[in-house]
Amino acid sequence: MRVVSGIQPTGKPHLGNYLGAIRNYVAFQDQAEAAGGVSLYFLADLHAISLAHDPAELTANTREMVATLVACGLDPARSVLFNQAQVPQHAELQWLLSGTARMGWLNRMTQWKDKAGKNREGQSVALFTYPVLQAADVMLYQATHVPVGDDQKQHLELARDIAQKFNNDFCTDAAPVFTLPEPIIPPEAARIMSLRDGSAKMSKSDPSDMSRINLTDDADTIMTKIKKARTDPEPLPSEAKGLEGRAEAANLAEIYAVLAGISLADVLRQFGGQGFGQFKPALGELLIEKLAPINLRFNALRQDTAALDAILRDGAARARALAIPTLDAAYAALGLLRG
Ligand code: AQP
């Protein structure tokens, strides 16, 4: 079992990242260990340069993201925790896979279409080829399980297509170079929506901080954001059917269910008929209770940059050792002479 997943250090990690991805990283850390496998989690700093960025902020965000992942329960002694920039094999494999990935495949990616908007010509090449780097990220380690939120499903399907085509074009059936990665999308909370717009996913890149709960928000901020979250004037329904067409209400109810560890039906049984004036404070309290331990650990870790850098250095050395055999096999399969 090889578990591989990444998160961009492009801003503050939020509740969507936590419920859709990070808490599954922690669960897979245990599962991989129990199965005698390895779990690798990386900060996708090479992906972060596909959009305009501030270099000093990227460095600071990278360290903060390590502190967050550890605060959420990732243990650098049990998982390999690193940043892409210290493992050059990611960029090397991306180039090798660029000969296999097709322009038409990349052109169909909805994230590319959403982020580029009407100004495709003005975007960086990196934003367009982003999914090829993502394919390299997981294929480099022969990933079997890739825990991600729902928004990454299409990119993982593309990674499988690239792996399949490379194996078909350059390998024998008996000795394929790449394992086809399997996306693991959680059954619930796979897409937490913005607090300001129920049709947009909660995202680090949303200009409004009120759109998300950051894992580093203090109790007052969490309560304020929940109380100001956009909703409709109707009370909560008693059954899930009553949430149809009410994206904001459905989002808040789902967040409550996942955090409380109960079903959506149970949440609606408990709060059905009540207005948001009653439900929002209950949700705010639950969030504060669940995020407080993460917040506490994060604040204790974040100042110790030497310790955070040491975690990344050590993780990168372990990642490089795991990456090299696959990269060598890819060079050889392509007939590239290396001395
Ligand atoms: N809203 C979400 N709900 C559930 N899962 C989510 N993920 C992201 N948003 C949600 C999952 O978190 C992991 C890391 O993804 P990311 O670093 O791309 O996070 P982001 O917040 O999406 O970051 P950005 O920089 O703001 O990117 P865009 O602009 O694309 O939204 C992934 O597993 C992702 O599925």
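About the cut-offs
- Residues numbered from 1 in each chain as written.
- Predicted model: local features only at pLDDT ≥ 70, side-chain atom pairs only at ≥ 80, totals over all residues.
- Heavy atoms only, no water.
- Helix = DSSP H or I, 4+ residues; strand = E, 2+ residues; numbered from the N terminus.
- Buried < 20%, exposed > 50% of the residue type's maximum accessible area, 1.4 Å probe, protein only.
- Lys, Arg positive; Asp, Glu negative; His and termini not counted.
- Salt bridge = Lys/Arg side-chain N within 4 Å of Asp/Glu carboxyl O.
- Polar contact = N/O pair within 3.5 Å; in protein donor to acceptor, adjacent residues only side chain to side chain.
- Arc of directions from axis to C-beta.
- Contact = heavy atoms within 4.5 Å.
- Pairing = 2+ DSSP bridges.
- 1 Å grid on protein atoms, 1.4 Å probe; cavity = no way out; pocket = protein on both sides within 12 Å on 5 of 7 lines; lining within 4 Å.
- Points joined across faces, edges and corners; volume = space filled by probe spheres on them.
- Nonpolar A, V, L, I, M, F, W, Y, C, P; charged D, E, K, R; others polar.
- Near = heavy atom within 4 Å.
- Areas by Shrake-Rupley, 256 points an atom, 1.4 Å probe, with all protein chains shown as cover.
- Expected span 1.5 Å × (residues − 1).
- Bend = angle between axes of the 7 residues up to and from the residue.

(A) Highlighting the side chain of Asp45. Summarising the element assignment, Asp45 is placed in helix H2 (residues 45–48). No salt bridge is formed by the buried Asp45; its nearest oppositely charged neighbour, Arg63, is found at 11 Å. Side-chain polar atoms of Asp45 contact the side chain of Asn83, separated by 2.9 Å.

(B) How the structure looks around helix H11 (residues 264–271). Every buried residue of H11 is listed here: Val267, Leu268 and Phe271. Projected onto a plane normal to the axis of H11, the buried residues spread over an arc of 95 degrees and lie on a single side. Contact partners of the buried residues in H11: helix H10 (247–260) and helix H12 (276–301). A positive phi of about 90 degrees marks Gly273, the residue just after H11.

(C) Structural context of the pairing of strand E3 (residues 80–83). Residues of E3 alternate between two faces, with Val80 and Phe82 on one and Leu81 and Asn83 on the opposite face, all of them buried. Note that strand E2 (residues 38–43) and E3 share four bridges and pair parallel. Each residue of the ladder has a partner; that of Leu43, found in E3, is Asn83.

(D) Quick peek at empty space enclosed by the protein. Under the criterion given, the structure shown has one cavity of 30 Å³ or more. The computed volume of the largest cavity comes to approximately 30 Å³. Considering the residues around the largest cavity, the lining is formed by Met109, Gln111, Trp112, Leu127, Phe128, Tyr130, Pro131 and His155. Among the secondary structure elements, those contributing two or more residues to the lining of the largest cavity are helix H6 (110–116) and helix H7 (125–139). In terms of residue count, H7 provides more of the lining of the largest cavity than any other element does, four residues in total. Classifying every residue of the lining of the largest cavity by side-chain character gives six nonpolar, two polar and no charged.

(E) How the structure looks around the site of the ligand. Taken together, 24 residues lie around the ligand, and Asp151, Lys201, Ser203, Lys204 and Ser205 are the ones closest in. Note that an oxygen atom of the ligand is positioned 3.1 Å from one of the side-chain N or O atoms of Asn17. Within the side chain of Ser205, a nitrogen or oxygen atom sits 2.6 Å from an oxygen atom of the ligand. Taking 660 Å² as the accessible area of the ligand by itself, protein coverage stands at 95%. With four residues, the top contributor of residues to the shell around the ligand is helix H1 (residues 15–34).

(F) Quick look at the layout of surface pockets. Taken as a whole, the second largest pocket spans an internal volume of roughly 190 Å³. Those elements that place two or more of their residues in the lining of the second largest pocket are H2, helix H3 (55–71) and helix H13 (305–333). The biggest single contributor to the lining of the second largest pocket is H3, with four residues. Of the residues belonging to the lining of the second largest pocket, the class tally is four nonpolar, four polar and four charged.

(G) Spotlight on H7. The end-to-end C-alpha separation of H7 is 21 Å, in line with the 21 Å expected for 15 residues at 1.5 Å each. The largest bend along H7 measures about 40 degrees and falls at Pro131. In terms of residue burial, H7 counts as a mostly covered element, since 13 of its 15 residues are buried.

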